Amino acid sequence: MAQDAGSAKLRDLITQFGQATAVTGYEQGFAQSLRAMLKGSVIDRSDNVILTLGSGSPKRLLACPMDEPGYVVGGIRDDGYLTLRRVGSAPGPLFDQQLEGQRVTIIGRRGEVPAVVAVRSVHLTRGRNTGENPFTVDDALVDVGAASRQEAERLGVQVLSPVTLTKRVRWYGDDLVSATGRRAQGCLRRDAHSRGGHEPWRGYASRRVGRRTAAGRHRIDRGVSNSWPVRSSATG
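Residues numbered from 1 in each chain as written. Predicted model: local features only at pLDDT ≥ 70, side-chain atom pairs only at ≥ 80, totals over all residues. Heavy atoms only, no water.

## Re the overall build of the protein
Quick note on the threshold: Strands are runs of DSSP state E lasting at least 2 residues, helices are runs of H or I lasting at least 4, and numbering of each runs from the N terminus. Exposure categories follow from relative accessible area, calculated using a 1.4 Å probe and restricted to protein chains: below 20% of the type maximum is buried, above 50% is exposed, and the middle band is partly exposed. Contacts are assigned to residue pairs that have any heavy atoms within 4.5 Å of one another. Surface accessibility in these figures is a Shrake-Rupley result with a 1.4 Å probe; residues are shielded only by whichever protein chains are displayed.
Looking only at helices and strands, the protein features 5 helices and 15 strands. Across the 236 residues in the protein, those meeting the buried criterion constitute 36%. Across the protein, the fraction of contacts at a sequence separation of at least 24, relative to all contacts at a separation of at least 6, is 70%. Accessible surface, the protein: about 14,100 Å² in total, of which carbon and sulfur atoms supply 49%.

Below, the structure written as structure tokens:
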């Protein structure tokens, strides 16, 4: 079925958001991108992106965190490998284990740097019970293709550069998408047709502080994320 212009634009927007990076504490780049997309929006001193639509009453507020759990470069070894440190608490007990053998993206001072997390040798670990010593972030060694500290630094990598799993957005048909992470699009979208376009809305894409947003004190209607003409599948 051919897509109309609105559906195609929405698809492109979801793809763009799904590939974006906004590790907690390093959301400034994504905030600037949001402001460019949302005409009339502003960024406050806490890097929250704020958009107000309409005027009068009643007033409604939608708030959504735009950050994601991730990592930063903890150190650069003399042999060119990087070590990692997690930013904040892990969202689940197996969060760090997903890193092993996966492609990651480092946001360096010169832009994105592709890398991969090394896998433990199958020969040296053969016969051992890896369940007793599962992979942790302290075991992660990141390979950027550098043979020395100097080579890694020339790529733009430095200590505290944010690191995330490489984003891969996959579409199945016209309305099924698989993407990593939660994005602000679900909270900032509004179905103007169903509301007549008259009621004022304010959307926050906010930085999270612990389990609360810097915008604070606002509840998010769970139904908002279901208003998209797409369905979120499990991350592949």
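After presenting the structure, the write-up continues.
## Observations regarding the pairing of strand E2 (residues 49–53)
Test applied: Here, a strand pair is defined by DSSP locating no fewer than two bridges between the strands.
Bridge analysis of strand E1 (residues 42–43) against E2 gives 2 bridges, and the strand direction is antiparallel. Bridge assignment links Val42 to a residue of E2, and that residue is Ile50. Between the antiparallel neighbours E1 and E2 lie 5 residues, among them Asp47 with a positive phi of about 65°.

## Digging into the environment of Leu84
Tracing the backbone through its elements, the reader meets Leu84 in strand E5 (residues 82–87). Judged by its relative accessible area of 1%, Leu84 is buried. Sequence separation between Leu84 and Pro162 is 78 residues, and the spatial gap between their C-alpha atoms is 9.5 Å. Beyond its immediate stretch of four places on either side in the chain, Leu84 contacts Tyr71, Val72, Val73, Gly74, Leu99, Val137, Ala140, Val142 and Val163.

## Notes on unusual backbone geometry
Here the bond from Ser57 into Pro58 is cis, since omega is 0°, no more than 30 degrees from zero. Within the fold, Pro58 resides in the loop between E2 and strand E3 (60–65). Look at Asp47: it is not a glycine, yet its phi comes out positive at around 65°. Structurally, Asp47 is set in the loop between E1 and E2. Even without a glycine there, the phi angle at Leu160 is positive, about 80°. Inspection of the secondary structure assignment puts Leu160 in the loop between helix H3 (149–154) and strand E9 (162–165).

## Focus: the pattern of salt bridges
We apply this condition: Criterion for a salt bridge: a side-chain nitrogen of Lys or Arg within 4 Å of a carboxyl oxygen of Asp or Glu.
Under the criterion given, the structure shown has 5 salt bridges. The salt bridge partner of Asp78 is Arg149, with a shortest N-O separation of 3.4 Å. Of the two residues, Asp78 is situated in the loop between strand E4 (70–76) and E5 and Arg149 in helix H3; the sequence distance between them amounts to 71 residues. In this structure Asp78 comes out as exposed when scored by relative accessible area, which is 61%. The partly exposed category is assigned to Arg149, whose relative accessible area is 29%. As a salt-bridge pair, Asp96 and Arg86 come within 2.5 Å of each other at their nearest N and O atoms. Highlighted residues: Asp96 in the loop between E5 and strand E6 (103–108) and Arg86 in strand E5, separated in sequence by 10 residues.

## What about the nonpolar core?
As a reminder of what qualifies: In these notes, a set of buried Ala, Val, Leu, Ile, Met, Phe, Trp, Tyr and Cys residues joined through side-chain atoms within 4.5 Å is what counts as a nonpolar core.
Ranked by size, the top nonpolar core spans 21 residues in total, and within it Leu82, Leu84, Ile106, Val142 and Val144 carry the most contacts. With residues near it in sequence (within four places) discarded, Leu82 still touches Val73, Gly75, Ile76, Ile106, Ala140, Leu141, Val142, Val144, Ala152 and Val157. In terms of nonpolar packing, the next biggest core, distinct from the first, is built from 10 residues, Phe30, Leu34, Val49 and Met66 among them.

## Regarding the pairing of E4
The element E4 is extensively covered by neighbouring structure, given that 6 of its 7 residues are classed as buried. Examined bridge by bridge, E4 and E5 share 6 bridges and lie antiparallel to one another. What sits directly across from Gly70, in E5, is Val87. Here E4 hands over to E5 after 5 residues, with Gly80 in that stretch at a positive phi of 95°. Where E4 meets E9, 2 bridges bridge the pair, whose relative direction is antiparallel. Residue pairing for E9: Val72 is matched across the bridge by Pro162.

## A few points about the side chain of Lys167
The following threshold applies: For the purposes of these results, a polar contact is taken to be a pair of N or O atoms within 3.5 Å, where, inside protein, one atom must be able to donate a hydrogen and its partner to accept one; residues adjacent in sequence count only when each atom of the pair is a side-chain atom.
Looking at the secondary structure, you find Lys167 in the loop between E9 and strand E10 (170–172). At 3.3 Å, the side chain of Lys167 forms a polar contact with the side chain of Glu68. Within polar-contact distance, the side chain of Lys167 engages the side chain of Thr164 at 3.1 Å.

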